[in-house]
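Report on the structure
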There are 10 protein chains.
Amino acid sequence: MLFMVEMEVNIPDSADPAVVQKKLADEKARAQELQKSGVWRHLWRVAGQYANVSVFDVESPVALHDIMLSLPLFPYMKTKVTALCRHPSSIHDDDR
Amino acid sequence: MLFMVEMEVNIPDSADPAVVQKKLADEKARAQELQKSGVWRHLWRVAGQYANVSVFDVESPVALHDIMLSLPLFPYMKTKVTALCRHPSSIHDDDR
Amino acid sequence: MLFMVEMEVNIPDSADPAVVQKKLADEKARAQELQKSGVWRHLWRVAGQYANVSVFDVESPVALHDIMLSLPLFPYMKTKVTALCRHPSSIHDDDR
Amino acid sequence: MLFMVEMEVNIPDSADPAVVQKKLADEKARAQELQKSGVWRHLWRVAGQYANVSVFDVESPVALHDIMLSLPLFPYMKTKVTALCRHPSSIHDDDR
Amino acid sequence: MLFMVEMEVNIPDSADPAVVQKKLADEKARAQELQKSGVWRHLWRVAGQYANVSVFDVESPVALHDIMLSLPLFPYMKTKVTALCRHPSSIHDDDR
Amino acid sequence: MLFMVEMEVNIPDSADPAVVQKKLADEKARAQELQKSGVWRHLWRVAGQYANVSVFDVESPVALHDIMLSLPLFPYMKTKVTALCRHPSSIHDDDR
Amino acid sequence: MLFMVEMEVNIPDSADPAVVQKKLADEKARAQELQKSGVWRHLWRVAGQYANVSVFDVESPVALHDIMLSLPLFPYMKTKVTALCRHPSSIHDDDR
Amino acid sequence: MLFMVEMEVNIPDSADPAVVQKKLADEKARAQELQKSGVWRHLWRVAGQYANVSVFDVESPVALHDIMLSLPLFPYMKTKVTALCRHPSSIHDDDR
Amino acid sequence: MLFMVEMEVNIPDSADPAVVQKKLADEKARAQELQKSGVWRHLWRVAGQYANVSVFDVESPVALHDIMLSLPLFPYMKTKVTALCRHPSSIHDDDR
Amino acid sequence: MLFMVEMEVNIPDSADPAVVQKKLADEKARAQELQKSGVWRHLWRVAGQYANVSVFDVESPVALHDIMLSLPLFPYMKTKVTALCRHPSSIHDDDR
């Protein structure tokens, strides 16, 4: 099933630069790992903002939550989660 | 280039049922036509609402606007448009 | 899996009273049918408002959406859907 | 009587990690104690956010407030409280 | 126990004047009846708006809801309900 | 004349605990002093939040402002002020 | 004492034009009458909107409310009321 | 001086089509007349919405308001006005 | 021409008290200087908040902005600017 | 194609003054460089706020995003991006 997750990242000015750099690198690695597994189906950057629009293909809300917890930048995120389903006018069979 | 468009449909109670039925049928036909052309890349229903999340692959904002104007239900829509671009962590080349 | 759905009902003043009465009766019947099936797990009235807080136990967002579409009052509803999952501090095993 | 409480937790980046760890452990213990007593009736995690949806079964608003004050993470919480009552279509007798 | 209810009244321009007049008279009578019973503890007009701030002294959220349903103008109201309790600095014993 | 003041208190995590404790004690003393004088007519705790709903009986907005400035916690407060007046359906003469 | 009132006027498309014209004329007459009396101290048009910013010099919130009720366009208004008082840096004595 | 005006047009479903068509034609004529005079400096369509972003070069807020009043679609508009001035980093002299 | 500026002041808890005191004194001096010049036409305190409502009589938005930049507390301010003009019902000639 | 970007700058009180000064100088240089290239088409200051309204003429959302990332003050910005296109009533050919 699909969930859209809109993530807005706010890294406080007071955060330790070294810690932040490490988190950024780990975040990229984790994101690419999840994309390769097919779970992180779409990942787009919102033009002009430190934010992204993502679509996850997961078994359940619990699975989605575990993925979000696994993201190094999660503590700096403000997220909005929207449950999606196949649109009656969609021509794609796998947009469940 | 990609634009996310979130469409919320509110058909007034006073609208003529026959007119509405015609518009709904035309909307479905138009949506499927645009999907087949590759312009309407993703069309998902928001679970629990008369709303959808769509991603369009167009040449420009003008092209996007013309497409929206061509949707029979456009007069009943409240829309939010978000310009997207390829995320630096994306593994997909064509998520421009 | 569980979804919280907050439903706010606004019946326009201009709606045909007979139509509304029929919808209200059908809504109650449908709600009780779904509760007996275990799908509509919790249904509470928000004190002081024509609104409710519900929790659905469904297979997927699609199943949730089909249920919402089946509610006679759906056209008069403003809804907010929140995907839930088991809290790490929960002592209940079935609060998936 | 039932109150829904939506709790959003924001732990400032500057908080002392040791203090935070202690609070998290105490919060879990307190939450499980209250669930066992039947007062904390439902506790769900909001998928994708550091937030929960809870339903408390208490004697009065005062009792609810005392419970909230007793939660170690309360100072880091943004809460929304909604008074609930039995829905006329509910098939459950004890959803008072 | 006490609940603050903020009521904003919006009577549509299209409403039948005779129906509205009757509802206004019935609303006043009902409000005064409830005040005499001690249930409707405070009723203030918000200066400059067709709105009021009220405090109800009731047994439970259900009791509050039944009272709101009994108000002739309820269908025209937008309400906000806030559960109150005795403040630790209050010098009044009965502000439960 | 009456003013409702809704006060939300947010004490920053970085505030000096000793300073905060002193302010809390002074706030309680000041609040009780004002209640005894009849100026602070109603003081209720909002259930589940570090916030209160108060009603002040003062000579003018200036008097109200001076009172608010005199509250030790004022610098940590977010406030909303609503001017009240006697409701035409009120049975109380002194709810001016 | 002074109250700022921000008034936004929304005349429904379905309103009877003759009724509206009469109300507009009466509104102007009433506004000028109140300005001459000194009660309606300031009346400015918000550039680009069917809205105004006004400052009233009245005895109490009740007096303000009665004035607002006396405005023919009041039923079409959305208002925001702000209680004002003399600023400590003001060089004007009568900005009470 | 420059004012940005964001205009959102909502034509009610119940409006008389003939009246609307006339207003649309008059609006276009008026807009082009004002652009030729240099007053309406920029007029852009917001992609995907029945809304525009405009920049007016006028003598004063009053002049701006008179222009807005002269637009046939003004009664159907929701507007937001932002006063602009030359940015210290601007390389254009006439962006006053 | 007239601009209403609503200023909300938030001085961070971490600000250096000596710096703040100096800014407060300078702010008062600057405000009184501008009032004497007739530019700062009205300055009212919002009752119950660290905020003010002001009306400036200036040559242009640029002039307004330069004034705002000159206020020592500007870095701590959240402002809302509303362009005003003479209301057609105003009896004052100089409320341009 | 054109994008409007509304930028609100919030420099935290705790930021290192030297770092901030350097960023401000670099921001101005970068902004003027982009204006000279024709990419940053319009840059206006919002009167009374530390914010600007800009219009960019770019090849794609990606190009826009890279420009925003290149702005030294970007980490301190809250931005809103609006995709624009030529208005059917526009008399300018190049307002694409």
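Source: prediction; values computed, not measured.

Some points on the overall build of chain A
Each helix and strand counted, chain A has two helices and four strands in total. Each helix and strand of chain A, placed in order from N terminus to C terminus, yields the pattern β-α-β-β-α-β. Counting only C-alpha atoms, chain A reaches 50 × 25 × 20 Å along its principal axes. Buried residues in chain A amount to 55% of all 96 residues. Within chain A, contacts between residues separated by at least 24 positions form 67% of all contacts whose residues are at least 6 apart in sequence. Of the roughly 4,100 Å² that chain A leaves accessible, carbon and sulfur atoms contribute 55%.

Points about the pattern of salt bridges
Residues and elements named next belong to chain E. Throughout the structure, instances matching the rule amount to 27 salt bridges over all chains. In this structure, Arg-30 and Glu-33 form a salt bridge, with 2.9 Å as the shortest nitrogen-oxygen distance. A residue pair is termed a helical-turn pair when its members lie 3 or 4 positions apart in one helix, as Arg-30 and Glu-33 do in helix 1 (residues 17-36) at three residues. Residue classification places Arg-30 among the partly exposed residues on the basis of a relative accessible area of 21%. Owing to a relative accessible area of 48%, Glu-33 belongs among the partly exposed residues under this scheme.

Some points on the relation of the copies chain B and chain A
The two copies are related by a screw motion: chain B maps onto chain A through a turn of 180 degrees and a shift of 0.0 Å along the axis, at an RMSD of 0.0 Å. Look at the turn and shift together and you get a two-fold axis relating the two. Comparing interface residues between copies, 100% of those in chain B also lie at the interface in chain A; the contact surface is shared.

Observations concerning the interface of chain H and chain J
Interfaces are frequently sized by the accessible area removed from exposure as the parts join. Every contact between the two is made by 31 residues of chain H and, on the other side, 31 residues of chain J. For the pair chain H and chain J, the summed buried area comes to about 2,700 Å², and 61% of that belongs to carbon and sulfur atoms. Contact with chain J buries area across many residues of chain H, yet Trp44(H), Arg45(H) and His87(H) alone supply 24% of it, more than any other trio. Inspection of the region where chain H meets chain J yields zero salt bridges.

Observations concerning the UniProt feature "domain: Muconolactone isomerase" (unreviewed entry) in chain A
Sequence positions flagged by UniProt for "domain: Muconolactone isomerase" (unreviewed entry) are, in local numbering, residues 1-89 of chain A. The distance from the first to the last C-alpha atom of residues 1-89 of chain A is 18 Å, and the span holds 33% helix and 36% strand.

Digging into the side chain of Thr82(F)
Along the chain, the position of Thr82(F) falls in strand 4 (residues 77-86). With relative accessibility at 11%, the residue Thr82(F) sits in the buried group. Discounting residues that sit within four places of it in the chain, Thr82(F) has contacts with Val46(E), Leu2(F), Phe3(F), Met4(F) and Glu6(F).

What to know about the sheet that holds strand 2 (residues 40-46) of chain H
If you trace the eight strands once around the closed barrel, you get 1(H)-3(H)-2(H)-4(J)-1(J)-3(J)-2(J)-4(H), paired in antiparallel fashion. With direction set aside, neighbouring strand axes in the sheet form an average angle of 35 degrees. With three bridges joining them, strand 2 of chain H and strand 4 (residues 77-86) of chain J adopt antiparallel strand pairing. Looking at the pairing, Trp44(H) lines up with Arg86(J) of strand 4 of chain J. Across the face of the sheet, helix 2 (residues 61-69) of chain B comes into contact with strand 2 of chain H together with strand 1 (2-9) and strand 4 of chain J while running at roughly 70 degrees to strand 4 of chain J.

Considerations on the environment of Val81(J)
For Val81(J), the location among the structural elements is in strand 4. Looking at Val81(J), the relative accessible area reads 16%, which means it is buried. With twelve residues separating them along the chain, Val81(J) and Leu69(J) place their C-alpha atoms 14 Å apart. Those residues in contact with Val81(J) that lie beyond four places of it in its chain are Ala47(A), Gly48(A), Phe3(J), Met4(J), Val5(J) and Leu64(J).

Notes on the state of the cysteines
The final tally for this structure, using the stated rule, is zero disulfides over all chains. Distance from the sulfur of Cys85(B), which forms no disulfide, to the nearest cysteine sulfur (Cys85(J)) is 18 Å.

Some points on the interface of chain B and chain A
Counting residues at the interface gives 31 residues for chain B, matched by 31 residues for chain A. Buried area between chain B and chain A, summed over both chains or domains, comes out near 2,700 Å², and the portion from carbon and sulfur atoms is 61%. Put simply, chain B and chain A have twelve residue pairs in polar contact (both at pLDDT 80 or more) between them. If you list the elements that add at least two residues to the side of chain B that touches chain A, you get strand 1 (2-9), helix 1 (17-36), strand 2 (40-46), strand 3 (51-57) and strand 4 (77-86) of chain B. Of the residues that constitute the side of chain B that touches chain A, the class distribution is 14 nonpolar, nine polar and eight charged.

Details of the pairing of strand 4 (residues 77-86) of chain G
Residue and element names in this part refer to chain G. Counting buried positions along strand 4 gives seven out of ten residues, so the element sits mostly inside the fold. As paired strands, strand 1 (residues 2-9) and strand 4 are joined by eight bridges and run antiparallel to one another. Looking at the pairing, Phe-3 lines up with Ala-83 of strand 4.

Rules of the game
- Position labels on residues start from 1 in each chain and follow its written sequence.
- Whichever chain is written first is A, and whichever ligand is written first is 1; the rest continue in order.
- Where local features are concerned, this predicted model is filtered to residues with pLDDT of at least 70; where side-chain atom pairs are given and counted, the filter is 80 or more; whole-chain, interface and lining totals use all residues.
- Side-chain metrics in this entry use all non-hydrogen atoms of the structure; hydrogen atoms and water are not considered.
- Strands are runs of DSSP state E lasting at least two residues, helices are runs of H or I lasting at least four, and both sets are numbered from the N terminus onward.
- Three labels apply to residues, based on accessible area from a 1.4 Å probe with only protein chains included: buried if under 20% of the type maximum, exposed if over 50%, partly exposed otherwise in between.
- For this analysis, residues touch if any pair of their heavy atoms sits within 4.5 Å.
- Note on areas: Shrake-Rupley, 1.4 Å probe, and residue coverage restricted to the protein chains presented here.
- Any Lys or Arg side-chain nitrogen found within 4 Å of a carboxyl oxygen on Asp or Glu counts as a salt bridge.
- Alignment of the copies relies on least squares applied to C-alpha atoms, considering only residues that score at least 70 for pLDDT in both.
- Here the buried area means the combined drop in accessible surface, using a 1.4 Å probe, for two parts upon being joined, counting both sides.
- UniProt positions are given in the numbering used here, feature names are shortened, and annotations may be inferred rather than shown by experiment.
- In this description, strands pair whenever DSSP reports at least two bridges between them.
- Here, axes are lines fitted to C-alpha atoms. For helices the fit covers the stretch in contact, and angles between N-to-C directions go from 0 to 180 degrees.
- Here, a disulfide means two cysteine sulfur atoms that sit within 2.5 Å of each other.
- For this analysis, a polar contact is any N or O atom pair within 3.5 Å, provided that within protein one partner can donate a hydrogen and the other can accept it, and provided that sequence-adjacent residues contribute only side-chain to side-chain pairs.
- Just so you know the grouping, Ala, Val, Leu, Ile, Met, Phe, Trp, Tyr, Cys and Pro go in nonpolar, Asp, Glu, Lys and Arg go in charged, and all remaining residues, Gly too, go in polar.

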